[in-house]
Amino acid sequence: MSTPTPALLPDEGMARVRRKKDFRHMERVDGRMLNNLQDLELHANVFSPDEQAKIVACVLDLQDQGRRGRLRERTYSEPRKWMRGKGRATIQFGCCYNYAADRDGNPPGIVRDEAVDPLPPLLAAMARRLVLWRVLPPSCVPDSCIVNVYDVDDCIPPHVDHHDFLRPFCTASFLAEAPILFGRDMRAVAPGEFSAAASIPLPVGSVLVLNGNGADVAKHCVPAVPAKRISITFRKMDASKVPYGFRPDPLLQSLAAAAVRPAMTAASAPPNRAAWEQSNGEAAKHATPQAQRQQPAAPLYQAAAAVRAGQTQSQSPGGGVPFSLSTDEFPALGASPASGRRPGRR
Ligand SMILES: O=C(O)CCC(=O)C(=O)O
(Lines give C-alpha, C1' and ligand atoms only; values in the text may rest on other atoms or scores of the structure.)
Protein backbone atom coordinates (compact mmCIF):
# COMPACT_ATOMS: atom_id res chain seq x y z
CA MET A 1 0.00 0.00 0.00
CA SER A 2 1.46 3.37 -0.95
CA THR A 3 1.94 6.02 1.69
CA PRO A 4 -0.44 8.95 1.19
CA THR A 5 1.22 12.25 0.38
CA PRO A 6 1.16 14.37 3.53
CA ALA A 7 -1.07 17.41 3.31
CA LEU A 8 0.68 20.76 3.12
CA LEU A 9 1.06 21.90 6.70
CA PRO A 10 -0.37 25.34 7.32
CA ASP A 11 2.96 26.79 8.41
CA GLU A 12 5.10 24.93 5.89
CA GLY A 13 5.81 28.11 3.96
CA MET A 14 6.98 29.93 7.03
CA ALA A 15 9.15 26.98 8.04
CA ARG A 16 11.23 27.34 4.86
CA VAL A 17 12.40 30.83 5.89
CA ARG A 18 16.07 30.98 6.92
CA ARG A 19 16.91 33.87 9.23
CA LYS A 20 20.36 35.40 9.81
CA LYS A 21 20.65 38.02 12.52
CA ASP A 22 24.32 38.00 13.55
CA PHE A 23 25.79 40.50 11.11
CA ARG A 24 28.84 42.23 12.48
CA HIS A 25 31.24 44.87 11.25
CA MET A 26 32.96 47.07 13.80
CA GLU A 27 33.68 50.68 12.80
CA ARG A 28 34.85 53.65 14.85
CA VAL A 29 32.05 56.20 15.18
CA ASP A 30 32.66 59.39 17.18
CA GLY A 31 35.57 57.74 18.97
CA ARG A 32 33.61 54.58 19.89
CA MET A 33 33.72 51.16 18.26
CA LEU A 34 30.24 50.21 17.00
CA ASN A 35 28.81 47.24 15.17
CA ASN A 36 27.44 49.03 12.12
CA LEU A 37 25.46 46.01 11.01
CA GLN A 38 23.75 45.52 14.36
CA ASP A 39 20.01 44.81 14.07
CA LEU A 40 20.12 43.88 10.39
CA GLU A 41 18.26 40.66 9.62
CA LEU A 42 18.27 38.65 6.40
CA HIS A 43 15.23 36.40 5.92
CA ALA A 44 15.83 34.05 2.97
CA ASN A 45 13.11 32.09 1.09
CA VAL A 46 10.27 34.36 2.16
CA PHE A 47 8.86 34.15 -1.37
CA SER A 48 8.92 30.85 -3.27
CA PRO A 49 10.20 30.72 -6.88
CA ASP A 50 6.60 30.53 -8.10
CA GLU A 51 5.58 33.54 -6.02
CA GLN A 52 8.66 35.44 -7.19
CA ALA A 53 7.64 34.87 -10.80
CA LYS A 54 4.18 36.27 -10.07
CA ILE A 55 5.55 39.26 -8.20
CA VAL A 56 8.01 40.06 -11.00
CA ALA A 57 5.26 39.76 -13.62
CA CYS A 58 3.08 42.08 -11.54
CA VAL A 59 5.88 44.66 -11.20
CA LEU A 60 6.70 44.59 -14.91
CA ASP A 61 3.01 45.02 -15.64
CA LEU A 62 2.87 48.00 -13.27
CA GLN A 63 5.95 49.46 -14.94
CA ASP A 64 4.24 49.09 -18.28
CA GLN A 65 1.21 50.93 -16.92
CA GLY A 66 3.49 53.63 -15.52
CA ARG A 67 5.16 54.12 -18.89
CA ARG A 68 1.75 54.45 -20.53
CA GLY A 69 0.76 57.14 -18.03
CA ARG A 70 -1.91 54.94 -16.43
CA LEU A 71 -0.65 55.33 -12.85
CA ARG A 72 -1.36 58.41 -10.77
CA GLU A 73 1.12 61.25 -11.23
CA ARG A 74 4.45 60.71 -9.43
CA THR A 75 3.61 57.03 -8.79
CA TYR A 76 5.98 56.06 -11.60
CA SER A 77 9.28 57.70 -12.34
CA GLU A 78 11.97 56.74 -14.80
CA PRO A 79 14.89 59.13 -15.10
CA ARG A 80 16.73 59.52 -18.37
CA LYS A 81 19.80 57.27 -18.42
CA TRP A 82 22.63 59.71 -18.96
CA MET A 83 25.48 57.74 -17.42
CA ARG A 84 26.26 54.38 -15.82
CA GLY A 85 24.57 54.10 -12.45
CA LYS A 86 21.75 56.53 -13.30
CA GLY A 87 18.34 55.47 -14.50
CA ARG A 88 16.71 53.16 -11.92
CA ALA A 89 12.91 53.28 -12.36
CA THR A 90 10.78 53.63 -9.24
CA ILE A 91 7.10 52.98 -8.51
CA GLN A 92 5.82 54.48 -5.27
CA PHE A 93 2.67 53.30 -3.54
CA GLY A 94 1.02 54.75 -0.45
CA CYS A 95 3.01 57.95 -0.41
CA CYS A 96 5.09 60.16 -2.61
CA TYR A 97 8.63 60.30 -1.30
CA ASN A 98 11.23 62.88 -2.30
CA TYR A 99 14.85 61.66 -2.18
CA ALA A 100 15.95 65.29 -2.55
CA ALA A 101 14.26 68.69 -2.55
CA ASP A 102 12.00 68.86 -5.61
CA ARG A 103 11.37 71.73 -7.99
CA ASP A 104 8.28 72.78 -5.99
CA GLY A 105 10.51 73.35 -2.98
CA ASN A 106 9.34 70.26 -1.07
CA PRO A 107 12.17 69.03 1.19
CA PRO A 108 13.31 65.38 1.19
CA GLY A 109 10.74 63.10 2.83
CA ILE A 110 7.06 62.31 2.35
CA VAL A 111 5.20 64.91 0.30
CA ARG A 112 1.96 65.11 2.23
CA ASP A 113 -0.07 66.95 -0.36
CA GLU A 114 0.83 64.65 -3.24
CA ALA A 115 -1.24 61.49 -3.80
CA VAL A 116 0.12 58.35 -5.44
CA ASP A 117 -1.65 55.05 -6.10
CA PRO A 118 -2.46 52.79 -3.14
CA LEU A 119 -0.61 49.51 -2.59
CA PRO A 120 -1.77 47.07 -5.29
CA PRO A 121 -3.41 43.93 -3.83
CA LEU A 122 -0.43 41.65 -4.46
CA LEU A 123 1.98 44.06 -2.79
CA ALA A 124 -0.42 44.47 0.13
CA ALA A 125 -0.53 40.66 0.42
CA MET A 126 3.27 40.63 0.54
CA ALA A 127 3.26 43.26 3.29
CA ARG A 128 0.75 41.19 5.23
CA ARG A 129 2.94 38.12 4.96
CA LEU A 130 5.96 40.03 6.25
CA VAL A 131 4.13 40.66 9.50
CA LEU A 132 2.42 37.26 9.75
CA TRP A 133 5.72 35.51 9.17
CA ARG A 134 7.55 37.58 11.80
CA VAL A 135 9.81 39.36 9.33
CA LEU A 136 8.51 42.76 10.43
CA PRO A 137 7.02 43.42 13.88
CA PRO A 138 3.28 44.14 14.21
CA SER A 139 4.20 47.70 15.23
CA CYS A 140 5.52 48.27 11.71
CA VAL A 141 2.81 46.94 9.40
CA PRO A 142 3.87 48.57 6.11
CA ASP A 143 1.49 51.12 4.60
CA SER A 144 3.71 52.21 1.71
CA CYS A 145 6.36 50.83 -0.56
CA ILE A 146 8.78 51.78 -3.26
CA VAL A 147 9.52 49.41 -6.09
CA ASN A 148 12.98 49.79 -7.62
CA VAL A 149 13.48 48.39 -11.12
CA TYR A 150 17.20 48.26 -11.87
CA ASP A 151 18.40 47.61 -15.39
CA VAL A 152 21.99 46.43 -15.85
CA ASP A 153 24.36 49.09 -14.40
CA ASP A 154 21.64 50.96 -12.46
CA CYS A 155 22.35 51.57 -8.78
CA ILE A 156 20.92 53.22 -5.68
CA PRO A 157 23.49 55.57 -4.14
CA PRO A 158 24.46 55.58 -0.43
CA HIS A 159 21.70 56.85 1.83
CA VAL A 160 19.99 56.48 5.20
CA ASP A 161 16.22 56.08 4.88
CA HIS A 162 14.27 59.13 5.96
CA HIS A 163 12.81 59.22 9.47
CA ASP A 164 9.41 59.95 8.00
CA PHE A 165 9.39 56.12 8.01
CA LEU A 166 9.47 53.98 11.15
CA ARG A 167 12.13 51.42 11.96
CA PRO A 168 12.41 48.62 11.09
CA PHE A 169 11.65 48.64 7.40
CA CYS A 170 12.69 46.07 4.82
CA THR A 171 13.57 45.39 1.21
CA ALA A 172 12.63 42.27 -0.77
CA SER A 173 14.79 41.12 -3.71
CA PHE A 174 13.80 39.62 -7.04
CA LEU A 175 15.17 38.52 -10.44
CA ALA A 176 18.91 38.60 -9.69
CA GLU A 177 21.11 38.43 -6.61
CA ALA A 178 23.06 41.62 -5.88
CA PRO A 179 25.15 42.87 -2.97
CA ILE A 180 24.00 45.68 -0.70
CA LEU A 181 26.85 47.70 0.81
CA PHE A 182 26.93 49.24 4.30
CA GLY A 183 29.26 51.76 5.85
CA ARG A 184 29.39 54.93 7.86
CA ASP A 185 31.40 56.63 5.13
CA MET A 186 31.00 55.57 1.54
CA ARG A 187 32.70 57.19 -1.40
CA ALA A 188 31.95 56.94 -5.11
CA VAL A 189 34.99 55.33 -6.70
CA ALA A 190 33.58 55.11 -10.24
CA PRO A 191 30.13 55.64 -11.81
CA GLY A 192 27.77 53.35 -9.87
CA GLU A 193 30.63 51.97 -7.70
CA PHE A 194 31.18 52.79 -4.02
CA SER A 195 33.77 51.97 -1.39
CA ALA A 196 32.12 50.42 1.67
CA ALA A 197 32.98 48.65 4.89
CA ALA A 198 30.65 45.68 4.45
CA SER A 199 28.76 43.84 1.73
CA ILE A 200 25.78 41.49 2.11
CA PRO A 201 24.50 39.42 -0.82
CA LEU A 202 20.73 39.66 -1.27
CA PRO A 203 19.37 36.37 -2.66
CA VAL A 204 16.21 36.42 -4.74
CA GLY A 205 13.10 35.81 -2.65
CA SER A 206 14.84 37.19 0.44
CA VAL A 207 13.92 40.14 2.65
CA LEU A 208 16.53 42.29 4.39
CA VAL A 209 15.25 44.06 7.51
CA LEU A 210 16.97 47.33 8.42
CA ASN A 211 16.89 48.51 12.00
CA GLY A 212 19.15 50.04 14.66
CA ASN A 213 22.73 50.84 13.59
CA GLY A 214 22.19 49.05 10.27
CA ALA A 215 19.40 51.50 9.43
CA ASP A 216 20.61 54.68 11.09
CA VAL A 217 24.36 54.71 11.68
CA ALA A 218 25.54 53.01 8.50
CA LYS A 219 24.47 54.21 5.05
CA HIS A 220 23.53 51.58 2.51
CA CYS A 221 23.60 51.37 -1.28
CA VAL A 222 23.26 48.87 -4.10
CA PRO A 223 26.10 49.42 -6.60
CA ALA A 224 25.61 49.08 -10.36
CA VAL A 225 23.84 45.75 -10.78
CA PRO A 226 25.26 43.08 -13.12
CA ALA A 227 21.77 41.94 -14.23
CA LYS A 228 18.23 43.31 -14.21
CA ARG A 229 16.96 43.34 -10.63
CA ILE A 230 13.80 44.37 -8.78
CA SER A 231 13.54 45.32 -5.11
CA ILE A 232 10.49 46.33 -3.12
CA THR A 233 11.10 48.41 0.01
CA PHE A 234 8.19 48.22 2.46
CA ARG A 235 7.89 50.92 5.12
CA LYS A 236 5.40 52.24 7.64
CA MET A 237 4.95 55.99 7.64
CA ASP A 238 5.27 58.03 10.81
CA ALA A 239 1.66 58.83 11.75
CA SER A 240 2.38 62.57 11.65
CA LYS A 241 3.72 62.36 8.08
CA VAL A 242 0.95 60.39 6.39
CA PRO A 243 -0.30 62.10 3.19
CA TYR A 244 -3.49 64.17 3.54
CA GLY A 245 -6.48 62.06 2.55
CA PHE A 246 -4.48 58.81 2.84
CA ARG A 247 -6.75 55.75 2.86
CA PRO A 248 -5.08 52.73 4.43
CA ASP A 249 -5.53 49.25 3.02
CA PRO A 250 -8.29 47.83 5.27
CA LEU A 251 -6.64 44.46 5.82
CA LEU A 252 -3.26 45.93 6.62
CA GLN A 253 -4.99 48.38 8.90
CA SER A 254 -6.79 45.59 10.75
CA LEU A 255 -3.48 43.77 11.11
CA ALA A 256 -1.97 46.91 12.65
CA ALA A 257 -4.99 47.32 14.94
CA ALA A 258 -4.65 43.70 16.03
CA ALA A 259 -1.09 44.43 17.12
CA VAL A 260 -2.31 46.68 19.91
CA ARG A 261 -4.87 44.16 21.16
CA PRO A 262 -3.49 41.94 23.92
CA ALA A 263 -4.35 38.48 22.63
CA MET A 264 -5.36 37.53 19.13
CA THR A 265 -7.28 34.34 18.52
CA ALA A 266 -8.40 32.81 15.24
CA ALA A 267 -11.95 33.91 16.02
CA SER A 268 -10.98 37.55 16.48
CA ALA A 269 -8.37 37.62 13.72
CA PRO A 270 -8.80 40.03 10.84
CA PRO A 271 -10.17 38.19 7.81
CA ASN A 272 -8.40 38.11 4.51
CA ARG A 273 -9.88 40.13 1.68
CA ALA A 274 -11.22 37.20 -0.34
CA ALA A 275 -13.12 35.83 2.63
CA TRP A 276 -14.46 39.26 3.39
CA GLU A 277 -15.57 39.77 -0.20
CA GLN A 278 -17.08 36.31 -0.35
CA SER A 279 -19.22 36.88 2.69
CA ASN A 280 -20.27 40.37 1.62
CA GLY A 281 -21.13 39.78 -2.00
CA GLU A 282 -20.16 41.43 -5.26
CA ALA A 283 -20.63 44.96 -3.94
CA ALA A 284 -17.87 44.35 -1.39
CA LYS A 285 -15.30 44.15 -4.17
CA HIS A 286 -15.94 47.77 -5.00
CA ALA A 287 -16.43 49.06 -1.46
CA THR A 288 -14.31 51.88 -0.14
CA PRO A 289 -11.83 51.08 2.65
CA GLN A 290 -14.18 52.89 5.06
CA ALA A 291 -17.13 50.74 4.05
CA GLN A 292 -14.98 47.64 4.35
CA ARG A 293 -14.06 48.57 7.90
CA GLN A 294 -17.72 48.84 8.86
CA GLN A 295 -18.49 45.30 7.71
CA PRO A 296 -18.38 42.34 10.08
CA ALA A 297 -15.35 40.08 9.77
CA ALA A 298 -15.77 36.89 7.77
CA PRO A 299 -14.74 33.75 9.64
CA LEU A 300 -11.43 32.28 8.62
CA TYR A 301 -12.95 28.98 7.60
CA GLN A 302 -14.66 30.79 4.75
CA ALA A 303 -11.25 31.71 3.40
CA ALA A 304 -10.21 28.08 3.52
CA ALA A 305 -13.43 27.11 1.79
CA ALA A 306 -12.76 29.66 -0.93
CA VAL A 307 -9.33 28.15 -1.51
CA ARG A 308 -10.74 24.63 -1.67
CA ALA A 309 -13.33 25.86 -4.13
CA GLY A 310 -10.47 27.05 -6.35
CA GLN A 311 -11.08 30.75 -5.90
CA THR A 312 -7.45 31.56 -5.37
CA GLN A 313 -6.65 33.20 -8.68
CA SER A 314 -7.13 36.84 -9.36
CA GLN A 315 -5.73 39.30 -11.81
CA SER A 316 -2.80 41.60 -11.30
CA PRO A 317 -3.52 45.32 -11.30
CA GLY A 318 -2.55 45.33 -14.97
CA GLY A 319 -5.22 42.77 -15.69
CA GLY A 320 -3.01 40.37 -17.59
CA VAL A 321 -1.14 38.31 -15.03
CA PRO A 322 -2.85 35.89 -12.67
CA PHE A 323 -1.44 35.56 -9.19
CA SER A 324 -2.23 33.89 -5.94
CA LEU A 325 0.20 34.53 -3.14
CA SER A 326 -0.03 31.56 -0.82
CA THR A 327 -2.34 32.24 2.03
CA ASP A 328 -1.54 33.44 5.51
CA GLU A 329 -3.85 33.06 8.42
CA PHE A 330 -3.41 35.50 11.24
CA PRO A 331 -1.54 33.83 14.11
CA ALA A 332 -2.11 34.72 17.75
CA LEU A 333 0.27 37.57 18.45
CA GLY A 334 2.74 36.57 21.11
CA ALA A 335 1.81 32.90 20.62
CA SER A 336 3.53 30.36 18.42
CA PRO A 337 3.23 31.28 14.76
CA ALA A 338 0.71 29.55 12.55
CA SER A 339 -0.33 30.18 9.02
CA GLY A 340 -2.86 28.86 6.61
CA ARG A 341 -4.17 29.35 3.11
CA ARG A 342 -5.37 32.61 1.80
CA PRO A 343 -6.98 33.28 -1.51
CA GLY A 344 -5.58 35.91 -3.84
CA ARG A 345 -7.56 39.07 -4.14
CA ARG A 346 -8.32 41.81 -6.55
O1 LIG B 1 17.36 47.68 -3.84
C2 LIG B 1 17.54 47.46 -2.65
O3 LIG B 1 17.61 46.32 -2.20
C4 LIG B 1 17.70 48.64 -1.69
C5 LIG B 1 16.64 49.66 -1.89
C6 LIG B 1 16.77 50.86 -0.99
O7 LIG B 1 17.76 51.06 -0.34
C8 LIG B 1 15.65 51.80 -0.92
O9 LIG B 1 14.62 51.59 -1.58
O10 LIG B 1 15.79 52.80 -0.17
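As named in an unreviewed UniProt entry, the protein is Fe2OG dioxygenase domain-containing protein, taken from Triticum aestivum. In the Sequence similarities (unreviewed entry) part of its UniProt record, the protein is described as follows: "Belongs to the alkB family."

Looking now at the packing of aromatic side chains. Going through the model one piece at a time under the given rule, you end up with three aromatic pairs. On the numbers, 5.9 Å between centres and 45° between planes, the contact of Phe47 with Phe174 is tilted. With Phe47 in the loop between strand S4 (41-44) and helix H2 (49-67) and Phe174 in strand S11 (residues 169-174), this pair connects stretches of sequence that are 127 residues apart. Feature note: the residues Tyr97, Tyr99 and Phe165 constitute an aromatic cluster, connected by ring pairs. Sitting above the plane of the Trp133 ring, Arg129 keeps its charged end 4.0 Å from the centroid. Here the guanidinium or amino end of Arg235 rests over the ring plane of Tyr97, the centre of that ring lying 5.2 Å away.

Bringing the site of the ligand into the picture now. Around the ligand sit 13 residues in total, of which Tyr150, His159, Arg229, Ser231 and Thr233 are the nearest. One of the side-chain nitrogen or oxygen atoms of Arg229 is found 2.9 Å away from an oxygen atom of the ligand. For the ligand, the accessible surface in isolation is 300 Å², of which the surrounding protein chains cover 98%. Listed by contribution, the elements that provide at least two residues to the shell around the ligand are strand S9 (144-150), strand S10 (156-159), strand S17 (219-222) and strand S18 (229-235).

Phe47, Leu123, Leu130, Val147, Phe174, Ile232 and Phe234 are the most contacted members of the largest nonpolar core, which has 40 residues in total. Elements represented by at least two residues in this core include exactly H2, strand S6 (89-93), helix H3 (121-132), S9, S11, strand S16 (207-210), S18 and helix H5 (250-259). Among the elements that take part in this core, H3 stands out by supplying eight residues, more than any other. Once residues lying within four places of it in the same chain are set aside, the contact partners of Leu123 are Cys58, Phe93, Cys145, Val147, Ile232 and Phe234. Ranked by size, the runner-up nonpolar core spans 19 residues in total, among them Leu40, Ile180, Ala215 and Val222.

This part covers the side chain of Asn98. Within the secondary structure layout, Asn98 lies in strand S7 (residues 97-98). A distance of 3.1 Å separates the side chain of Asn98 from the side chain of Asp102, its partner in a polar contact.

With that settled, the discussion passes to H2. With 19 residues, H2 extends 27 Å from end C-alpha to end C-alpha; this agrees with the ideal 27 Å at 1.5 Å per step. Listed as buried for H2 are Glu51, Gln52, Lys54, Ile55, Val56, Cys58, Val59, Asp61, Leu62, Gln63, Gln65 and Gly66. Positive backbone phi, at 75°, marks Gly69, one or two positions downstream of H2.

Moving on, we come to the pattern of salt bridges. This structure, assessed with the given rule, holds 16 salt bridges. As a salt-bridge pair, Asp50 and Lys54 come within 2.9 Å of each other at their nearest N and O atoms. One end of the pair, Asp50, and the other, Lys54, are both in helix H2, four residues apart, so they sit about a helical turn from each other. On the accessibility criterion, Asp50 (46% relative accessible area) is partly exposed. Where Arg68 meets Asp64, a salt bridge forms, and the shortest distance between an N and an O atom there is 3.0 Å. Assessed through its relative accessible area of 52%, Arg68 is described here as exposed. Under the relative-accessibility criterion, Asp64 is labelled partly exposed at 31%. The structure contains a network of salt bridges with shared partners spanning Arg16, Glu51 and Arg129.

Here we take up the pairing of strand S3 (residues 32-35). Taken together, the four bridges between strand S2 (residues 26-29) and S3 define a ladder with antiparallel strand orientation. Opposite Glu27, over in S3, you have Leu34 as the bridge partner. Between S2 and S3, which follow one another and run antiparallel, lie two residues, and Asp30 among them has a positive phi close to 50°.

What follows is about the packing of H2 against H3. The contact between H2 and H3 brings their axes to 10 Å, and the two run at 140°. One finds that H2 runs oblique with respect to H3. The residues of H3 that touch H2, namely those facing Glu51, Lys54, Ile55 and Cys58, are Leu122, Leu123, Met126 and Arg129. Along the lines of polarity and charge, the residues of the contact of H2 with H3 split into five nonpolar, no polar and three charged.

Residue Arg167 is joined to Pro168 through a cis peptide bond whose omega torsion reads -10°. Inspection of the secondary structure assignment puts Pro168 in the loop between S10 and S11. Phi at Arg74 is positive, roughly 70°, even though this residue is not glycine. With respect to the helices, strands and loops of the structure, Arg74 is situated in the loop between H2 and strand S5 (76-77). At Leu175, a position not held by glycine, the phi torsion is positive, near 80°.

Parameters at a glance
- Residues numbered from 1 in each chain as written.
- Predicted model: local features only at pLDDT ≥ 70, side-chain atom pairs only at ≥ 80, totals over all residues.
- Heavy atoms only, no water.
- UniProt positions renumbered as here; feature names shortened; annotations may be inferred.
- Phe/Tyr/Trp six-rings, centres within 6.5 Å; stacked < 30°, edge-to-face > 60°.
- Helix = DSSP H or I, 4+ residues; strand = E, 2+ residues; numbered from the N terminus.
- Lys NZ or Arg CZ within 6 Å of the ring centre and 35° of its normal.
- Near = heavy atom within 4 Å.
- Polar contact = N/O pair within 3.5 Å; in protein donor to acceptor, adjacent residues only side chain to side chain.
- Areas by Shrake-Rupley, 256 points an atom, 1.4 Å probe, with all protein chains shown as cover.
- Core = buried A, V, L, I, M, F, W, Y, C linked by side-chain atoms within 4.5 Å.
- Buried < 20%, exposed > 50% of the residue type's maximum accessible area, 1.4 Å probe, protein only.
- Contact = heavy atoms within 4.5 Å.
- Expected span 1.5 Å × (residues − 1).
- Salt bridge = Lys/Arg side-chain N within 4 Å of Asp/Glu carboxyl O.
- Pairing = 2+ DSSP bridges.
- Axes fitted to C-alpha atoms, helices over the stretch in contact; angles between N-to-C directions.
- Parallel < 35°, antiparallel > 145°, perpendicular 65-115°, else oblique.
- Nonpolar A, V, L, I, M, F, W, Y, C, P; charged D, E, K, R; others polar.

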